[in-house]
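Structural overview for review
Single-letter residue listing:
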Amino acid sequence: MLKLSEAPAYFERYRDIIPDFERFLEHLKEPLPLYFRLNELKCPDPEIVLKGLARQGVKAELVSGLPRFYRVEPRDFPLGSTEEYYLGYIYPMTTSSALPVIALEPRPGEYILDLCAAPGSKTTQMAQASQDKAVIVANDRRLDRLTALVANLKRLGVASVATTLYRGETFPFGIPFDKVLVDAPCSGEGRYRQGYEGELLYQKEGHTNLPAIQKGLLVRAFDLVKVGGIVVYSTCTFNPEENELVVDYLLRKRQAEILLCEYPLPCHPGITEWEGKILHPGLANARRFYPHETQSVGFFVAKIKRLM
Amino acid sequence: MPRKKKRVKKIHKEAKWPRVTSFEERDEVLSFWEERFGIPKEAFEGYLLLSTSKNYWLFVELPDIKPLQGLKVQTVGLLFTRRVSHWLKPTSTALQRFGHLAQKNIIDLSPAELDRLRRERKIPFSAEVEEGYVILRCEGKVWGCGLYVKKSLISFLP
Ligand SMILES: C[S@@+](CC[C@H](N)C(=O)[O-])C[C@H]1O[C@@H](n2cnc3c(N)ncnc32)[C@H](O)[C@@H]1O
């Protein structure tokens, strides 16, 4: 359990990579704003949702640059117990969490694998982005979490998804995936802030070797996608060992290239050097997102193309 | 207010691939939706109809389903229609998704009526619709499936 008073010491090792470090630390004292994504598959007319929420005293404002994302006031409103939620018209989700699917650009007709999918915020976002017409396989290794994913697919009325329960590292070959998303299990440092203390996976499971798991998942994802296809690797942590170093490992093992990508939130290039280790220069094309700049959760996203 | 209740169906470890329906079977199911609710078959273009013993599922149409059938799947697609004895019955899930395209056999309830129906499951009701499965709608929102017979309305809402 990391107390807010201990946060400065914990994050000190990122002083040189997190821009405006003091403002970052100050920002951690603020609660996370509340956002939701509108599900047009079930609710073609946003006014129905906005009016319904307004009647319950909720103000929802469109987030600029992020179609279908709304910022909600008051920020502690229980969206999960509304009729709009129950009927699958909305999916509460923070804005930076939308970035990996923006990088993935799902299109109708594509074969897409979501390797670490539960509880499905990104799976359902992909289904919406492809008008429910891409072939999406949503996988997670945990049955309890997959059950939550299946409930979300049903709630949102998604038809284009098949769910599976494999260890990502051993997901079977044989399907010519155009795109794979690896939204990897991570230490979750990017979520850390007031009201969310103690949720760092590193602390909770002291012995889990996350970078080793992440490397295994990313290499498998790369081997599963077809030549010329796209793998998006994302985490919600600042830790370079779970981000750039994982992608660096792939770039040394396989023929891959990191593509530049436009995002609707403020961002910074991936780092190319960490604790004296020089990393692949292509990592500058990856992107880092920080909570004090995005009013959201910290994220890392790399859009990777399989060359051979 | 929506009621909080776990209603997720248990996922089975050894779930099998549903089978792809024949053209005739697909046509029978889609004809039912067209005749009963006036939702044209074209609304489901691009979707494949799969079937397990008594259930029909909607999934994406794809050039070749074989490679996917190599996967051990837990679920595939959206539960669309059930076979109940020799009737076809739309699921609330599917009506919530496609019900806004319906032209007929829709019952508009006031919030108080909807509330009562969800609590009591069956209420006396009089409406200008054919007897049989109906779409339950309230303030423009489709809630799902009901059954209208002999001046009463039965709820199939989850
Ligand atoms: C960051 S969460 C995914 C969040 C999800 N993509 C979303 O947007 O809702 C990481 C997930 O990876 C799963 N996971 C952990 N290890 C895994 C493995 N070896 N293979 C597959 N999934 C794994 C966890 O159960 C967890 O649900």
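Residues numbered from 1 in each chain as written. Chains lettered and ligands numbered in written order. Predicted model: local features only at pLDDT ≥ 70, side-chain atom pairs only at ≥ 80, totals over all residues. Heavy atoms only, no water.

You'll find chain A entered in an unreviewed UniProt entry as RNA methyltransferase, with Thermodesulfatator autotrophicus given as the organism. Database annotation for chain A, UniProt heading Sequence similarities (unreviewed entry): "Belongs to the class I-like SAM-binding methyltransferase superfamily. RsmB/NOP family." (UniProt positions renumbered as here; feature names shortened; annotations may be inferred.)

**Quick notes on the packing of helix α9 (residues 210-224) of chain A against helix α10 (residues 244-253) of chain A**
Residues and elements named next belong to chain A. One can describe the packing of α9 onto α10 by two numbers: an axis separation of 9 Å at closest approach and a directional angle of 45°. With respect to α10, the element α9 is oriented oblique. As for how α9 packs across α10, the hand of that crossing is right-handed. When α9 is examined against α10, the residues Pro211, Gln214, Lys215, Leu218, Val219 and Phe222 are found in contact with a partner set consisting of Leu245, Val246, Val247, Tyr249 and Leu250. Taken together, the residues of the contact of α9 with α10 break down into 9 nonpolar, 1 polar and 1 charged. (Axes fitted to C-alpha atoms, helices over the stretch in contact; angles between N-to-C directions. Helix = DSSP H or I, 4+ residues; strand = E, 2+ residues; numbered from the N terminus. Parallel < 35°, antiparallel > 145°, perpendicular 65-115°, else oblique. Left-handed = near helix turned anticlockwise from the far one by under 90°. Contact = heavy atoms within 4.5 Å. Nonpolar A, V, L, I, M, F, W, Y, C, P; charged D, E, K, R; others polar.)

**So, the domain arrangement of chain B**
All names here are of chain B. Partitioning chain B into structural domains gives domain 1 (19-94) and domain 2 (105-155). With centres defined by C-alpha atoms, the gap from domain 1 to domain 2 works out at 25 Å. Contacts between domain 1 and domain 2 engage 6 residues on the former and 10 residues on the latter. Both sides together, the interface formed by domain 1 and domain 2 hides about 720 Å², and carbon and sulfur atoms give 55% of it. (Domains from an automatic or database assignment. Buried area = accessible area lost by both parts, 1.4 Å probe.)

**Section: helix α3 (residues 46-55) of chain A**
All names here are of chain A. Residues of α3 that are buried: Val49, Leu50, Gly52 and Leu53. Down the axis of α3, the smallest arc covering the buried residues is 165°, so these residues share one side. Of the exposed residues in α3, the ones pointing more than 90 degrees away from its buried face are Lys51 and Arg55. For α3, the elements touching its buried residues are β1 (34-38), β2 (59-62), β3 (69-73), α4 (83-86) and β4 (90-92). Looking one or two residues beyond α3, the residue adopting positive phi is Gly57, at roughly 85°. (Buried < 20%, exposed > 50% of the residue type's maximum accessible area, 1.4 Å probe, protein only. Arc of directions from axis to C-beta.)

**Some thoughts on the pairing of strand β6 (residues 135-139) of chain A**
Residues and elements named next belong to chain A. Counting buried residues along β6, 5 of its 5 residues qualify, which places the element largely inside the surrounding structure. Judged by which residues are buried, β6 turns out to be covered on both faces: Val135, Val137 and Asn139 on one side and Ile136 and Ala138 on the other are all buried. As paired strands, strand β5 (residues 111-114) and β6 are joined by 4 bridges and run parallel to one another. When the sheet's bridge partners are listed, Asp114 is paired in β6 with Ala138. Between β5 and its parallel partner β6, the chain crosses via helix α6 (residues 121-129), and the hand of that crossover is right-handed. Pairing geometry for β6 and strand β7 (residues 161-164), over 4 bridges, is parallel. Considered in β7, the bridge of Ala138 is made with Thr163. The β-α-β motif built from β6, the intervening helix α7 (residues 143-156) and the parallel element β7 has right-handed crossover chirality. (Pairing = 2+ DSSP bridges. Right-handed = clockwise from strand over helix to strand, strands pointing away.)

**Section: the UniProt feature "active site" (unreviewed entry) in chain A**
Those residues carrying the UniProt feature "active site" (unreviewed entry) are Cys236(A) in this numbering. On the basis of relative accessible area, Cys236(A) is assigned to the buried category, the value being 12%.

**With respect to the site of the ligand**
All names here are of chain A. If you check the shell around the ligand, you find 21 residues, and the closest are Ser121, Asp140, Arg145, Gly168 and Asp183. Between the ligand and Pro119 there is a distance of 3.5 Å, counted from an oxygen atom to a backbone nitrogen or oxygen. Backbone polar atom of Gly168 to a nitrogen atom of the ligand: 2.8 Å apart, as the coordinates give it. About the coverage of the ligand: the protein hides 88% of its 600 Å² of free accessible area. Residue classes in the shell around the ligand are distributed as 9 nonpolar, 4 polar and 8 charged. (Near = heavy atom within 4 Å. Polar contact = N/O pair within 3.5 Å; in protein donor to acceptor, adjacent residues only side chain to side chain. Areas by Shrake-Rupley, 256 points an atom, 1.4 Å probe, with all protein chains shown as cover.)

**Some details on the packing of aromatic side chains**
Taken as a whole and assessed by the stated rule, the structure comprises 26 aromatic pairs over all chains. Residues Phe32(B) and Phe37(B) carry aromatic rings whose centres are separated by 6.3 Å and whose planes lie at 75° to one another, so their mutual orientation is edge-to-face. You'll find Phe32(B) and Phe37(B) in the same group, each marked buried. In this structure, Arg37(A) is placed above the aromatic ring of Tyr91(A), and the distance from its NZ or CZ to the ring centre is 5.0 Å. Against the face of Phe156(B) rests Lys89(B), its NZ or CZ located 4.8 Å from the ring centre. (Phe/Tyr/Trp six-rings, centres within 6.5 Å; stacked < 30°, edge-to-face > 60°. Lys NZ or Arg CZ within 6 Å of the ring centre and 35° of its normal.)

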